[in-house]
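Geometric and topological summary
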Amino acid sequence: MKRLSLLFLSLALPISILVGCGQPDSKTTVLQARVDSLQNKLKLAYVPGTGEIMNSIIVSHHLKLWLAGQQKNWVLAEYERHMLLGGFTRIQKYHKGTPEAAAVAMIFPAMDAVKKAIQDKDANAFKSNYALLTNSCNTCHQALKYEFNVITVPTAGRPENQSF
Ligand code: HEC
């Protein structure tokens with residue numbers, strides 16, 4: 001049976017290639033139309049820009065991370081750290097090949113240090129590593145010529161993390 005179908009394939013393939021060399025058959029036309037329509041859909045697919053990811057995901061989770069750490073609410077702090085990380089990995093995913101995607105890795109050492117402080121429930125280490133994290137935000141902004149976006153460590157009574 002296997003042999004027979006192989007024989008059939010070996011005969012059918014050259015014939016279909018010969019036939020296929022002429023005008024595209026209706027099946028090919030239908031498939032091409034489908035590919036075209038999918039390509040158009042892809043072109044219209046919504047991809048969040050780096051600025052949007054910064055403004056919607058990164059800046060808010062950076063702030064909440066601080067507030068949770070200040071309250072020593074380590075479960076919430078870990079959640080916020082994880083969400084913040086999601087912002088950075090989205091840049092790597094959706095903006096592959098851009099300078100900002102290439103620069104994302106610079107934030108990981110500070111992110112890891114914050115993670116460890118949370119795991120250890122160490123408020124002092126959290127504080128200093130959060131400052132390191134915030135510095136890394138600004139290092140990247142400077143490197144990519146967005147240095148006017150200045151991120152700060154919030155101060156008591158002023159729950160803000162950007163300098164205006
Ligand atoms: C990989 C480099 C990089 C890192 C790391 C980075 N940023 Fe950004 N950030 C950018 C770039 C690039 C822009 C400008 C994007 C644009 O406008 O299209 C930006 C813009 C911003 C903005 C302005 C968004 C707006 O619409 O007003 C904020 C706020 C911001 N970043 C917060 C942060 C915070 C907080 C961190 C650290 C937790 C951080 N960023 C880390 C590259 C980075």
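See the structure above.
**Description of the nonpolar core**
In globular proteins that are soluble, nonpolar side chains generally tend to be buried together. Counting residues in each nonpolar core, the largest one holds 19 residues, and the members touching the most others are Leu65, Val114, Ile118, Phe126 and Tyr130. Elements supplying a minimum of two residues to this core: α3 (50–70), α4 (74–94), α6 (108–119) and α7 (123–143). With residues up to four places along the chain from it excluded, the contact list for Tyr130 reads Trp66, Gly69, Val114 and Val153.

**Brief notes about α6**
At 3.6 residues per turn, the α-helix brings residues three or four places apart onto the same side. Its twelve residues give α6 an end-to-end C-alpha distance of 16 Å, which sits within 8% of 16 Å, the value for a rise of 1.5 Å per residue. Its buried side turned inward, α6 meets α4 and α7. The first or second residue beyond α6 is Lys121, which carries a positive phi of 50°.

**A look at the site of the ligand**
Around the ligand sit 23 residues, and of these Gly51, Met54, Asn55, Cys137 and Cys140 come closest. Among the elements of the structure, α3, α5 (99–103) and α7 are those that each provide at least two residues to the shell around the ligand. Per-element accounting of the shell around the ligand gives the leading share, seven residues, to α3. For the shell around the ligand, the class distribution of residues is 13 nonpolar, nine polar and one charged.

**Some remarks on the packing of α6 against α7**
Their axes nearest at 9 Å, the elements α6 and α7 cross at an angle of 160°. With respect to α7, the element α6 is oriented roughly antiparallel. Considering only the axes of α6 and α7, their crossing is left-handed. Residue-level contacts link Ala110, Met111, Ala113, Val114, Ala117 and Ile118 of α6 to Ala125, Phe126, Asn129, Tyr130, Leu132, Leu133 and Ser136 of α7. For the contact of α6 with α7, a count of residues per class yields eleven nonpolar, two polar and no charged.

**Focus: the packing of α3 against α4**
Running from N to C, α3 and α4 cross one another at 160°; their axes reach a closest spacing of 8 Å. Between α3 and α4, the angle is such that the two are roughly antiparallel. Once α3 is placed against α4, the crossing between them reads as left-handed. Note on element contacts: α4 touches α3 through Leu76, Ala77, Glu80, Arg81, Met83, Leu84, Gly86, Gly87, Arg90 and Ile91, opposite Thr50, Ile53, Ile57, Ile58, His61, His62, Lys64, Leu65, Ala68 and Gly69. Looking at the contact of α3 with α4 residue by residue, the class counts come to ten nonpolar, six polar and four charged.

**Thoughts on unusual backbone geometry**
Residues apart from glycine generally show negative phi values, whereas peptide bonds are mostly found in trans. The residue Lys72 is not glycine, and still its phi comes out positive at about 55°. Among the structural elements, Lys72 can be located in the loop between α3 and α4. The phi dihedral of Lys121 is positive, around 50°, even though this residue is not glycine. Checked against the element boundaries, Lys121 lands in the loop between α6 and α7. Taking the number of C-beta atoms within 10 Å as the measure of exposure, Lys121 has 11 and is therefore exposed.

Criteria and cut-off values
- Residues numbered from 1 in each chain as written.
- Predicted model: local features only at pLDDT ≥ 70, side-chain atom pairs only at ≥ 80, totals over all residues.
- Core = buried A, V, L, I, M, F, W, Y, C linked by C-beta atoms within 7 Å.
- Buried ≥ 20, exposed ≤ 12 C-beta atoms within 10 Å, placed from the backbone.
- Helix = DSSP H or I, 4+ residues; strand = E, 2+ residues; numbered from the N terminus.
- Contact = placed C-beta atoms within 7 Å.
- Expected span 1.5 Å × (residues − 1).
- Near = placed C-beta within 6 Å.
- Nonpolar A, V, L, I, M, F, W, Y, C, P; charged D, E, K, R; others polar.
- Axes fitted to C-alpha atoms, helices over the stretch in contact; angles between N-to-C directions.
- Parallel < 35°, antiparallel > 145°, perpendicular 65-115°, else oblique.
- Left-handed = near helix turned anticlockwise from the far one by under 90°.

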